[in-house]
Amino acid sequence: MKIKILGSGCPKCQKLEANTKQALKNLGIVADVDHVKDIVKIMDYNILKTPGLVVDGKVIASGKVLDIENIEKLIKSNI
Amino acid sequence: MEVFVDAMAEGGRALGLYITWQRVLGLTIAFFLSGAIQNFMSQKFVVKFLGPKSNKILSFLVAATSGAILSVCSCSVLPMFASIRKRGAGIGPAVTFLFAGPAINILAITMTFELGWDIGLTRIFCSVLISIIIGVLMFLIFRKKEKTEQNENLFMQNDENNIKWWKSLMLFLTMIAMMLSGFKAISNIIATSVLFVVLIIECLVFLKFKDFKEWVASTCELIKKIIPLFLVGVFLAGFLTYLIPKEFVVKVVGANTIYGNLISSVFGAFMYFATLTEIPIVQGFLSLGMGRGSALAMLLAGPSLSLPNMFVIGKVMGVKRTITYILLVVIFSTLMGLCCGAIFNLL
């Protein structure tokens, strides 16, 4: 599973990254978590507002920092 | 060396003096208001107007004013700008948003009134006006060369359980009334306390505990993000005010000249101001004799641009457009500073 966090590095996207890592840990999933900070690359993913969460190439959330529970649900439904 | 130490001491002193009960209270309410806007306001309605199918005039107007509602985080301005430009309403409204987003935020606007009603009001008015002018001009200049991949879906947002609009409106009005009643000129502790009780009652009646908790959490995050740098800004203002000679400031930006306003906008454009820090710094310059028009020019060009930020914008819209944008910002900030400065002198 390849996970990407889309965001320019501000506290919000860092929080999303931290929450995502914790969610993965809780679910016992090992995955690559990559933080995409380059705005031109972020644009490729077709989101309106950062931060964004991408699982295996698909954008599953964008615009707000999700809590760990929500991230777990989303990841489970996207395995 | 000793001057440096004295300047540091001045910075510390400025910091100490700055933290008054009034300011802390006013800022706290402003932060809660920002948090409330972030959590309770419907973004769906606003974002629709930035999409590809929206009425052109409306999208400019919405782009100019929605910064207060949409982009409370300064890092999300650029991705939104890029999306509005390529997939939404196009380069015009996108640029308007790019300028107005950082310029029109509740915290900055509230604090600007500390510098005076004249500067406070003109800052709001001119920011909106300039953002639209620059957006329209960029649209006119570049529209033929823009390649878009319009995507309407991106702008159809789904709001998750927002509270009813009239409930959030009442909360907002109560908080705004609290801020006004706390103002130096009309400082009225009884009114503020009454409004505070009203606010508590509204919270108990309107909000579920979950909503309230999230509101407080958002507010605290905003505070954690903004206050540290703001305090550095206050310190820096005190530090610089001590070091920079008054005669120099008066000579360069004291009178309401084209040159003075231009210098101020260029300085504002290149200098990085973290959210809110432009206020104490401009305050410092004003105390050294800066003209009020030039102060406005700096406040207009300051928040939306900075040297590092110019490079990122360049990556998104290319060198030609970015340079045009920067020039337009500087020209119009200078112009507004000059005009308003003349008006201020008459007041």
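Quick note: structure is the one above.
So, a few notes on the structure that sits alongside this text. (Residues numbered from 1 in each chain as written. Chains lettered and ligands numbered in written order. Predicted model: local features only at pLDDT ≥ 70, side-chain atom pairs only at ≥ 80, totals over all residues. Heavy atoms only, no water.)

A word on the packing of helix α7 (residues 91–103) of chain B against helix α17 (residues 307–346) of chain B. Residues and elements named next belong to chain B. As a packed pair, α7 and α17 sit with axes 12 Å apart at the nearest point and diverge in direction by 70°. Accordingly, the angle class assigned to the pair α7 and α17 is roughly perpendicular. Contacts from Ile91, Val95, Leu98 and Phe99 of α7 reach α17 at Ile313, Met317, Arg321, Tyr325 and Val329. (Axes fitted to C-alpha atoms, helices over the stretch in contact; angles between N-to-C directions. Helix = DSSP H or I, 4+ residues; strand = E, 2+ residues; numbered from the N terminus. Parallel < 35°, antiparallel > 145°, perpendicular 65-115°, else oblique. Contact = heavy atoms within 4.5 Å.)

Before going further, it helps to spend a moment on the interface of chain A and chain B. Counting residues at the interface gives 15 residues for chain A and 24 residues for chain B. The junction of chain A with chain B conceals about 1,700 Å² of combined surface from both sides, 61% of it contributed by carbon and sulfur atoms. Broken down residue by residue, the surface that chain A buries against chain B is led by Ile39, Met43 and Leu48 of chain A, which jointly contribute 41%. Along the contact surface separating chain A from chain B lie 2 salt bridges. Close ionic contact of Glu221 of chain B with Lys15 of chain A constitutes a salt bridge, the shortest N to O distance being 3.6 Å. Between the two partners, chain A and chain B, sit 3 residue pairs in polar contact (both at pLDDT 80 or more). Its residues assigned to classes, the side of chain A that touches chain B comprises 7 nonpolar, 3 polar and 5 charged. (Buried area = accessible area lost by both parts, 1.4 Å probe. Salt bridge = Lys/Arg side-chain N within 4 Å of Asp/Glu carboxyl O. Polar contact = N/O pair within 3.5 Å; in protein donor to acceptor, adjacent residues only side chain to side chain. Nonpolar A, V, L, I, M, F, W, Y, C, P; charged D, E, K, R; others polar.)

A few words on α7 of chain B. Residues and elements named next belong to chain B. In this model, α7 (13 residues) spans 18 Å end to end at C-alpha, consistent with the 18 Å of a helix rising 1.5 Å per residue. Among the 13 residues of α7, 12 are classified as buried, and the element is accordingly described as predominantly covered. The complete set of buried residues in α7 reads Ile91, Gly92, Pro93, Ala94, Val95, Thr96, Phe97, Leu98, Phe99, Ala100, Gly101 and Ala103. (Expected span 1.5 Å × (residues − 1). Buried < 20%, exposed > 50% of the residue type's maximum accessible area, 1.4 Å probe, protein only.)

Turning next to unusual backbone geometry. Residues and elements named next belong to chain A. The linkage connecting Thr50 with the following residue, Pro51, adopts the cis geometry, with an omega of 0°. Within the element layout of this structure, Pro51 appears in the loop between α2 (39–43) and β3 (52–55). Positive phi, close to 50°, is recorded for Asp56, a residue that is not glycine. For Asp56, the location among the structural elements is in the loop between β3 and β4 (58–62).

Okay, a nonpolar patch on the surface next. A cluster of nonpolar side chains, namely Phe196, Val197, Ile200, Ile201, Leu204 and Val205 of chain B, defines an oily patch on the protein surface of about 600 Å² accessible area. Tracing the chain through its elements places Ile201 of chain B in helix α11 (residues 189–206). (Patch = residues over 30% accessible without salt bridge, like charges linked within 9 Å, V, L, I, M, F, W, Y side chains within 5 Å. Areas by Shrake-Rupley, 256 points an atom, 1.4 Å probe, with all protein chains shown as cover.)

Residue and element names in this part refer to chain B. The interhelical angle for the contact between helix α9 (residues 117–142) and helix α16 (residues 292–301), taken along N-to-C directions, is 45°, at an axis separation of 10 Å. On the basis of the axis angle, α9 is oblique to α16. For the element pair α9 and α16, the recorded crossing hand is right-handed. Here Asp118, Ile119, Thr122, Arg123, Cys126, Ser127 and Ile130 of α9 lie close against α16, whose contacting residues are Arg292, Ala295, Leu296, Leu299 and Leu300. (Left-handed = near helix turned anticlockwise from the far one by under 90°.)

With that out of the way, let us pick up the nonpolar core. General note: in soluble globular proteins, nonpolar side chains tend to be found buried as a group. Counting residues in each nonpolar core, the largest one holds 95 residues, and the members touching the most others are Ile134, Met138, Leu171, Met175 and Tyr325 of chain B. Top element by residues in this core is α17 of chain B. It accounts for 13 residues. The contacts of Leu171 of chain B, once residues within four sequence positions are left out, are Phe40, Ile163, Leu199, Glu202, Cys203, Phe206 and Leu207 of chain B. If you look at the next biggest cluster of nonpolar residues, it comprises 15 residues, including Ile3, Leu53 and Ile71 of chain A together with Cys75 of chain B. (Core = buried A, V, L, I, M, F, W, Y, C linked by side-chain atoms within 4.5 Å.)

What follows is about empty space enclosed by the protein. All names here are of chain B. Overall, the coordinates contain 1 cavity of 30 Å³ or more when judged by the stated rule. Its volume calculated, the largest cavity comes out at about 40 Å³. Around the largest cavity, the lining residues are Ala237, Leu240, Thr241, Ile244, Ile281, Gly284, Phe285 and Leu288. Secondary structure elements with two or more residues in the lining of the largest cavity: α12 (209–243) and α15 (278–287). Here the residues of the lining of the largest cavity sort into 6 nonpolar, 2 polar and no charged. (1 Å grid on protein atoms, 1.4 Å probe; cavity = no way out; pocket = protein on both sides within 12 Å on 5 of 7 lines; lining within 4 Å. Points joined across faces, edges and corners; volume = space filled by probe spheres on them.)

A few words now on the sheet that holds strand β1 (residues 2–6) of chain A. Residue and element names in this part refer to chain A. With mixed pairing, 4 strands are arranged side by side in an open sheet as β2-β1-β3-β4. Each of the sheet's edge strands pairs with one partner strand only, and the pair in question is β2 (32–36) and β4. Neighbour-to-neighbour, the strand axes of this sheet turn through a mean angle of 20°, independent of strand direction. By the bridge criterion, 4 bridges tie β3 to β4 in an arrangement that is antiparallel. Residue pairing in the sheet places Val55 in a bridge with Lys58 of β4. Seen against the sheet, helix α1 (residues 11–27) touches β1, β2 and β3 and runs at an angle of roughly 160° to β1. (Pairing = 2+ DSSP bridges.)

Let's shift gears to α17 of chain B. Turn by turn, an α-helix covers 3.6 residues, leaving residues three or four places apart pointing in a common direction. With 40 residues, α17 of chain B should cover 58 Å at 1.5 Å per step; its first-to-last C-alpha distance of 35 Å lies more than 12% under that length. Along α17 of chain B, the sharpest change in direction is near 120° and occurs at Gly318 of chain B. (Bend = angle between axes of the 7 residues up to and from the residue.)

For the rest of this paragraph, the subject is the pattern of salt bridges. Where charged atoms from two side chains of opposite charge come close, those side chains can pair. Applying the stated criterion to the full structure yields 14 salt bridges over all chains. The partner of Lys315 of chain B in a salt bridge is Asp38 of chain A, and the shortest N-O contact between them spans 3.5 Å. Pair noted here: Lys315 of chain B is in helix α17 and Asp38 of chain A is in the loop between β2 and α2, and the two residues belong to different chains. Across the pair Glu146 of chain B and Arg321 of chain B runs a salt bridge, and its minimum N-O distance is 2.8 Å. Taken together, the residues Glu146 of chain B in the loop between α9 and α10 (165–181) and Arg321 of chain B in helix α17 connect sequence positions 175 residues apart. A residue is classified by how much of its surface remains accessible, and Glu146 of chain B, at 15% relative accessible area, is buried.

What follows covers the environment of Ala255 of chain B. Residues and elements named next belong to chain B. Within the fold, Ala255 resides in the loop between α13 (246–254) and α14 (258–270). Measuring from C-alpha to C-alpha, the distance between Ala255 and Ala89 comes to 41 Å, with 166 residues separating the pair along the chain. Those residues in contact with Ala255, other than ones at most four positions away along the chain, are Val250 and Ser294.

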